Amino acid sequence: MAKYNPKSLHADEFINHQEILDTLEYAEQNKNNTELINSILEKARPIKTATGCRCNGLTHREASVLLASNDPQVTERIYEIAEEIKLAFYGNRIVIFAPLYLSNYCVNGCVYCPYHLKNKTIPRKKLTQEEVKAEVIALQDMGHKRLAIESGEDPLHNPIEYILECIDTIYSIKHKNGAIRRVNVNIAATTVENYKKLKDAGIGTYILFQETYHKESYLSLHPTGPKHDYDYHTEAMDRAMQGGIDDVGLGVLFGLELYKYEFAGLLMHAEHLEAVHGVGPHTISVPRVKRADDIDPDDFDGGIDDETFEKITACIRLAVPYTGMIISTRESQEVRSKLLRLGISQVSGGSRTSVGGYAEEERPHDTEQFDVSDQRTLDEVVAWLMENGHIPSFCTACYREGRTGDRFMSLCKSGQILNCCHPNALMTLSEYLVDYASPRTKELGFEMIEKELKRIPKEKVRAIAEKNIEDIKNSNRRDFRF
Ligand code: SAM
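Residues numbered from 1 in each chain as written. Predicted model: local features only at pLDDT ≥ 70, side-chain atom pairs only at ≥ 80, totals over all residues. Heavy atoms only, no water.

### Describing the overall build of the protein
From N to C terminus, the protein includes 20 helices and 13 strands. In summary, the protein has a C-alpha radius of gyration of 22 Å against a globular reference of 23 Å for 482 residues, a match within 12%. Taking the principal axes of the C-alpha coordinates as reference, the protein spans close to 65 × 55 × 40 Å. Within the span of the protein, comprising 482 residues, buried residues form 61% of the whole. Look at the contacts in the protein between residues 6 or more apart in sequence, and 74% of them connect residues 24 or more apart. Accessible area of the protein: about 19100 Å², with a carbon and sulfur share of 49%. Within the protein, one finds 59 positive and 73 negative side-chain charges whose respective centroids are separated by 7 Å. (Helix = DSSP H or I, 4+ residues; strand = E, 2+ residues; numbered from the N terminus. Rg over C-alpha atoms; globule rule 2.2 N^0.38 Å. Buried < 20%, exposed > 50% of the residue type's maximum accessible area, 1.4 Å probe, protein only. Contact = heavy atoms within 4.5 Å. Areas by Shrake-Rupley, 256 points an atom, 1.4 Å probe, with all protein chains shown as cover. Lys, Arg positive; Asp, Glu negative; His and termini not counted. Charge placed at Lys NZ, Arg CZ, Asp CG, Glu CD.)

Right, here's the structure in full:
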């Protein structure tokens, strides 16, 4: 039987089934252990240092104890600390992005996804480079600067060369003041060689959801196709890092399996990356299964209510304080509002999950991957964020300055975010407001920017940011960034 070893490169050792079962038992036994819970909460709190702030994070066992507790007072404290951590390391900025679906051709049999091979009712579509261009222009006209490209797995229709060609096309399009400055990639697990090619193409984060860490369930949820290989899928992030990709994004598709199992597995995966590569995941996404073409979320056993979902999100925030957390438009405005206070640092906005959806006037449903709950426009999402005290950020500077992997983590840990990310967020927000916002959003935005500029600690940085924002208002554009 495989033994738990976070440093191993074998899936069954770093995501060790027995260790997860032992963790769940330990959590169950200690869920009312007040002394232990208090010490875990204390450990999770941000600690002030001479240069900023530091956090210890939590082990998968410790975080699982918090998740198992049924005490509402403990939950309240978890939420308070989650918000404290979010503000300490990410400030009140929320990074904005949109998914771009390239192709829904897929040879896999994933039973929760309408793109599965046996679905004969869904129209299959793959964007031509002309269509990619039209999508990107539509996204740039909304104001987007950061995309996550999505594709089914199909070596014939969507080989790596096709994905690379699309990335090239996306980066090449300069339309009015628009430009996509960061392309994150969510494609199926692949080889070290292909990850190297993605790295050379200048991608941001490589994102791959594990879907479920429970091997037996994984095998039955992915009955056919290359994705059936649990080990190959689970070890993908190690290959991506071997291929030179610094930033990887993890995620579980909540609703498929029992959430406590997934939660422990997800944190063990993060611990593994840190142990082997010296840097944890850049982001963690928390998607839930949604209704889709031939998919009914109620067919799966692991459905979780909104309260449990909020608690999972907050507990992840405590466990991995330096990792960005993403919530997509799968969730409603109401759920997203709550999660934003519990540690989320990135949201999608104005999303369409169909292939070629952005270039259409009306939201098309025919090739959609799942129902989008939050169907507001990007302008509405931006205004809503600001009304709730969050700064919408279109910044991609870290990636372009080479602050990826552990260099990004050091920036985060050194508490220099207020002198770096904060002014960058304000400058990119100014660009958005001038170029794309409705009059109301623009007014709201510049009021916020005026207040937020005062929070930049270094006088020199503040003066440069103020000057740059004046230049943006006067259409005097440069590539502004700290
Ligand atoms: N084909 C790639 C792969 O296998 O990882 C890309 C993934 S797909 C385009 C993006 C993600 O959407 C999947 O990893 C899955 O977690 C999620 N997804 C699939 N069906 C879904 C559904 N019905 N509801 C919500 N999310 C879904």
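Here the narrative resumes.
### Some details on empty space enclosed by the protein
Overall, the coordinates contain three cavities of 30 Å³ or more when judged by the stated rule. Counted as a void, the largest cavity has a volume near 730 Å³. Around the largest cavity sit 45 residues that line it, and E150, N186, F209, R330 and Q369 are the ones nearest its centre. Of all the secondary-structure elements, those providing two or more residues to the lining of the largest cavity are β3 (93-103), β4 (146-151) and β11 (324-327). Residues of the lining of the largest cavity, tallied by class, amount to 24 nonpolar, 13 polar and eight charged. (1 Å grid on protein atoms, 1.4 Å probe; cavity = no way out; pocket = protein on both sides within 12 Å on 5 of 7 lines; lining within 4 Å. Points joined across faces, edges and corners; volume = space filled by probe spheres on them. Nonpolar A, V, L, I, M, F, W, Y, C, P; charged D, E, K, R; others polar.)

### Side note on the site of the ligand
In the region of the ligand, 19 residues are neighbours, and Y112, S151, E211, K227 and K290 sit closest. Protein contacts shield 97% of the accessible area of the ligand, which totals 580 Å² for the unbound molecule. Taken atom by atom, the bulk of the ligand overlaps the largest cavity. Across the shell around the ligand, the residue classes tally to nine nonpolar, four polar and six charged. (Near = heavy atom within 4 Å. Sits in = over half its atoms within 2 Å of the grid points.)

### A word on the packing of aromatic side chains
Within this structure, the stated rule accounts for six aromatic pairs. For the pair Y101 and Y115, a centre-to-centre distance of 6.3 Å together with 85° between the ring planes defines the contact as edge-to-face. Note that Y101 is positioned in strand β3 and Y115 in the loop between β3 and α6 (129-142), a separation of 14 residues in sequence. On the accessibility criterion, Y115 (3% relative accessible area) is buried. Judged by centre distance (4.8 Å) and plane angle (65°), the ring pair of Y195 and Y206 falls under edge-to-face. Within this pair, whereas Y195 is found in helix α8 (residues 192-200), its partner Y206 is found in strand β8 (residues 206-207), the two being separated by eleven residues in sequence. Judged on exposure class, the residue Y195 and its partner Y206 are both buried. Within the aromatic cluster, the residues linked to one another by ring pairs are F394, Y432 and Y436. (Phe/Tyr/Trp six-rings, centres within 6.5 Å; stacked < 30°, edge-to-face > 60°.)

### Side note on the packing of helix α12 (residues 259-277) against helix α13 (residues 306-319)
Two numbers describe how α12 lies on α13: the axes approach to 11 Å, and their chain directions differ by 20°. Our classification of the angle between α12 and α13 gives roughly parallel. As for how α12 packs across α13, the hand of that crossing is right-handed. Contacts from Y259, F263, L266 and L267 in α12 reach T308, I312, C315, I316 and A319 in α13. Within the contact of α12 with α13, the residues separate by chemical class into eight nonpolar, one polar and no charged. (Axes fitted to C-alpha atoms, helices over the stretch in contact; angles between N-to-C directions. Parallel < 35°, antiparallel > 145°, perpendicular 65-115°, else oblique. Left-handed = near helix turned anticlockwise from the far one by under 90°.)

### Some details on unusual backbone geometry
Peptide bonds are mostly trans, and most non-glycine residues show a negative phi. We note that E211 has phi near 70°; this positive angle belongs to a residue other than glycine. Counting through the fold element by element, E211 comes out in the loop between β8 and α9 (215-221). Despite not being glycine, S475 shows a phi value in the positive range, around 55°.

### Focus on the pairing of strand β7 (residues 182-186)
Taking burial as the measure, the five residues of β7 include five buried ones, the bulk of the element. What you see with β7 is no split at all: R182, N184 and N186 on one side and V183 and V185 on the other are buried throughout. Bridge count for β4 against β7 is five bridges, and the pairing is parallel. If you follow I149 over to β7, its bridge partner there is V185. (Pairing = 2+ DSSP bridges.)

All quantities given are derived from atomic positions and should not be read as evidence of function.
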